[in-house]
Amino acid sequence: MNRKNFARAVFLRNGERLRREVTCVGEALAFLAEWPQARRGPIYNAASRACEAAQRGEIPASYAYEAFTGFARAANILDQAPVEIEPWIVTSKPGRGGIPA
């Protein structure tokens, strides 16, 4: 794994229907750069500094991940990861009627 990739994606919501997935330090920095100036504060600054330090290789991406998710949570834009549905129907072998013996 690239040391600048997050161990898992961060999902952000913008409004009711829009969702954005952030998977690495570079994407987090791009998102933070787009954040409105009027809504920036200490938590934003901490996340931005952490992501910049991780981009330079000064700290692990996991630290930037924690700072970025903390920012997203404080900004009320953190969304849950989509649920992956596993197949729950097990196919049976032909001629057995689908009932185990």
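Refer to the preceding data block for the structure.
All of the points below concern the structure found in this document. These numbers were taken from a predicted model, which means no experiment stands behind them.

Applying the stated criterion across every chain yields a total of six aromatic pairs. Ring centres 5.8 Å apart and planes at 40 degrees place the aromatic pair Phe-31 and Trp-35 in the tilted group. Take Phe-31 and Trp-35: they sit in the same class, and that class is buried. Aromatic pair Tyr-44 and Phe-71: ring centres 5.9 Å apart, planes at 75 degrees, arrangement edge-to-face. Here the residue Tyr-44 occupies a position in helix α2 (residues 42-55), and Phe-71 occupies one in helix α3 (residues 61-74), the gap between them amounting to 27 residues. By the burial criterion, Tyr-44 is buried, and Phe-71 matches it. One aromatic cluster is present, formed by Phe-31, Trp-35, Tyr-44, Phe-68 and Phe-71 through successive ring pairs.

Tallied over the entire structure, the rule returns three salt bridges. Notably, a salt bridge pairs Glu-58 with Arg-56, separated by 2.9 Å at the nearest N-O pair. There is no split in this pair, since Glu-58 and Arg-56 are both exposed.

Moving on, we come to the nonpolar core. Ranked by size, the top nonpolar core spans 21 residues in total, and within it Phe-6, Leu-12, Phe-68, Phe-71 and Ile-77 carry the most contacts. Where this core is concerned, the elements lending two or more residues are β1 (5-14), α1 (25-34), α2 and α3. For this core, the element with the most residues is α3, which contributes six residues. Each residue touching Phe-68, except ones within four places of it in the same chain, is listed here: Val-10, Leu-12, Val-22, Ala-28, Phe-31, Leu-32, Ala-47 and Cys-51.

Right, let's get into α1. Every α-helix carries 3.6 residues per turn, so stepping three or four residues along brings you back to the same face. Listed as buried for α1 are Val-25, Ala-28, Phe-31 and Leu-32. Seen from one end, α1 has its buried residues packed into an arc of 120 degrees, which puts them on one side. More than 90 degrees from the buried face of α1, the exposed residues found are Ala-33 and Glu-34. On its buried face, α1 sits against β1, β2 (18-24), α2 and α3.

Right, let's get into α2. Look at α2: 20 Å from first C-alpha to last across 14 residues, which is about the 20 Å you get at 1.5 Å a residue. Those residues of α2 not exposed but buried are Tyr-44, Ala-47, Ser-48, Ala-50, Cys-51, Ala-53 and Ala-54. Buried residues along α2 sit against α1 and α3. Following α2 by one or two positions, Gly-57 has its phi on the positive side, about 85 degrees.

Looking now at the state of the cysteines. Chemically, a disulfide is nothing more than a covalent bond linking the sulfur atoms of two cysteines. Scanning the entire structure with this criterion turns up zero disulfides. Here Cys-24 stays unpaired: no disulfide links it, and the sulfur of Cys-51, its closest cysteine neighbor, is 9.7 Å away. Of the residues examined, Cys-24 reaches a relative accessible area of 17% and is grouped as buried.

Definitions and cut-offs
- Residues numbered from 1 in each chain as written.
- Predicted model: local features only at pLDDT ≥ 70, side-chain atom pairs only at ≥ 80, totals over all residues.
- Heavy atoms only, no water.
- Phe/Tyr/Trp six-rings, centres within 6.5 Å; stacked < 30°, edge-to-face > 60°.
- Buried < 20%, exposed > 50% of the residue type's maximum accessible area, 1.4 Å probe, protein only.
- Helix = DSSP H or I, 4+ residues; strand = E, 2+ residues; numbered from the N terminus.
- Salt bridge = Lys/Arg side-chain N within 4 Å of Asp/Glu carboxyl O.
- Core = buried A, V, L, I, M, F, W, Y, C linked by side-chain atoms within 4.5 Å.
- Contact = heavy atoms within 4.5 Å.
- Arc of directions from axis to C-beta.
- Expected span 1.5 Å × (residues − 1).
- Disulfide = S-S within 2.5 Å.

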